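The primary structure of each chain is shown beneath.
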Amino acid sequence: NNDELLLISKVSKELEIMKQQKQLSSKFPYGCYELMLSLPGNNKCIDCGKPNPQWASISYGILLCLNCSGCHRSLGVRYSKVRSITLDHWSPQQILHMLEGGNEQMTTFFQRHSLFEEKKDKYKTKAARFYCNGLQQHCTKLISLPCYRGRNKHR
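What counts, and at which threshold
Residues numbered from 1 in each chain as written. Predicted model: local features only at pLDDT ≥ 70, side-chain atom pairs only at ≥ 80, totals over all residues. Heavy atoms only, no water. Core = buried A, V, L, I, M, F, W, Y, C linked by side-chain atoms within 4.5 Å. Buried < 20%, exposed > 50% of the residue type's maximum accessible area, 1.4 Å probe, protein only. Helix = DSSP H or I, 4+ residues; strand = E, 2+ residues; numbered from the N terminus. Contact = heavy atoms within 4.5 Å. Axes fitted to C-alpha atoms, helices over the stretch in contact; angles between N-to-C directions. Parallel < 35°, antiparallel > 145°, perpendicular 65-115°, else oblique. Nonpolar A, V, L, I, M, F, W, Y, C, P; charged D, E, K, R; others polar. Phe/Tyr/Trp six-rings, centres within 6.5 Å; stacked < 30°, edge-to-face > 60°. Pairing = 2+ DSSP bridges. Salt bridge = Lys/Arg side-chain N within 4 Å of Asp/Glu carboxyl O. Polar contact = N/O pair within 3.5 Å; in protein donor to acceptor, adjacent residues only side chain to side chain.

Student: Mind showing me how you'd approach the nonpolar core here?
Tutor: Nonpolar side chains in soluble globular proteins tend to end up buried together. Grouped together as the largest cluster of nonpolar side chains are 43 residues, with contacts concentrated most on Phe28 and Leu99. Looking at this core element by element, the count peaks at seven residues for helix 7 (residues 126-143). Apart from residues no more than four positions distant in its own chain, Phe28 is found in contact with Tyr33, Met36, Ile85, Trp90, Ile95 and Met98.

If you want it as structure tokens, here you go:
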């Protein structure tokens, strides 16, 4: 629809400005934030379901509540790199992880691989590492493109 196209255009401009500046943004750009929140499942923490999560695991492109972000931090950066949406600095590639990942996508992946373990354990599996590596490769490819055209254009 037209609103979505306008938002994707705004996101593309925000990411391009960040790439040109070659530094971390002081905050998550608003258009990118809007698009990230519009992704299915991103209105609640992926691990506990608490509404309005304000933390993220860049590794998986997922949103978390404060309590669950602490659990992810305790996994170590090898498994989950955690950032605050509002307090931390973000690179264009990290933002792409959030725009190309998403809570519903991760949940579907876990279900498809029958990963119903405790929240900490499933993030340490080979399947979770495979997902993380795939997202990293996908976003590395996207960052080299001249503009962001939305999730469905490069899959």
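Read on, since the account is not over.
Student: So what exactly am I meant to see when it comes to the environment of Gly70 here?
Tutor: Take Gly70: it is sitting in helix 3 (residues 66-75). Sequence separation of Gly70 and Val82 is twelve residues, and the distance between their C-alpha atoms is 8.6 Å.

Student: How should helix 4 (residues 92-100) be read in this particular structure?
Tutor: One turn of an α-helix holds 3.6 residues; hence residues three or four places apart share an orientation. Most of helix 4 is tucked away: nine of the nine residues are buried. Looking at helix 4, one finds that the buried residues are Pro92, Gln93, Gln94, Ile95, Leu96, His97, Met98, Leu99 and Glu100. The positive-phi residue at the C-terminal boundary of helix 4 is Gly102, with phi of around 125 degrees.

Student: Sorry, what's going on with the packing of helix 2 (residues 30-38) against helix 4 here?
Tutor: For any two helices packed against each other, one specifies the crossing angle of their axes together with the interaxial distance. Orientation of helix 2 relative to helix 4, taken along the N-to-C sense of each, is 25 degrees, at an axis distance of 8 Å. Comparing their axes, helix 4 and helix 2 come out roughly parallel. Contacts between helix 2 and helix 4 pair Cys32, Leu35 and Met36 from the former with Ile95, Met98 and Leu99 from the latter. Residues that form the contact of helix 2 with helix 4 fall into these classes: six nonpolar, no polar and no charged.

Student: What is the right way to read the packing of aromatic side chains from this model?
Tutor: By convention here, two paired aromatic rings are described through the distance between centres and the angle between planes. Across all of its chains, the model carries seven aromatic pairs by this definition. Seen from their ring centres, Phe109 and Tyr131 are 5.0 Å apart, and the 55 degrees between their planes marks the pair as tilted. Of this pair, Phe109 sits in helix 5 (residues 103-112) while Tyr131 sits in helix 7, and the two are 22 residues apart along the sequence. The burial state of Phe109 is the same as that of Tyr131; both residues are buried. By way of ring pairs, the aromatic residues Tyr60, Phe109, Phe110, Tyr123 and Tyr131 are connected into one cluster.

Student: How do you make sense of the sheet that holds strand 1 (residues 55-57) when you look at a structure like this?
Tutor: The strands that make up a sheet pair up through hydrogen bonds in the backbone, lying either parallel or antiparallel. Read across the sheet, three strands follow the order 2-1-3 without closing on themselves; strand pairing throughout is antiparallel. On the outer flanks of this sheet lie strand 2 (62-64) and strand 3 (82-84), each paired with one strand and no other. Direction aside, the axes of adjacent strands within the sheet are offset by 35 degrees on average. Pairing of strand 1 with strand 2, which is carried by three bridges, proceeds in the antiparallel orientation. What sits directly across from Trp55, in strand 2, is Leu64.

Student: In this structure, what is going on with the pattern of salt bridges? I would like to understand it.
Tutor: Side chains that differ in sign of charge can pair as their charged atoms come close. A full pass over the atoms with the stated rule returns one salt bridge. For Glu16, the salt bridge goes to Lys19, with nearest N and O atoms at 3.7 Å. One end of the pair is Glu16 and the other is Lys19, both in helix 1 (residues 2-21) and three residues apart, which spans about a single turn. Overall, the relative accessible area of 26% leaves Glu16 in the partly exposed class. Owing to a relative accessible area of 23%, Lys19 belongs among the partly exposed residues under this scheme.

Student: What's the story with the side chain of Asn42 in this structure? I'm lost.
Tutor: Positionally, Asn42 belongs in the loop between helix 2 and strand 1. A relative accessible area of 0% places Asn42 in the buried class. At 2.8 Å, the side chain of Asn42 forms a polar contact with the backbone nitrogen of Asn103. Not counting chain neighbours up to four residues away, the residues in contact with Asn42 comprise Met36, Leu37, Pro53, Leu63, Gly102 and Asn103.

Structural measurements only, silent on function.
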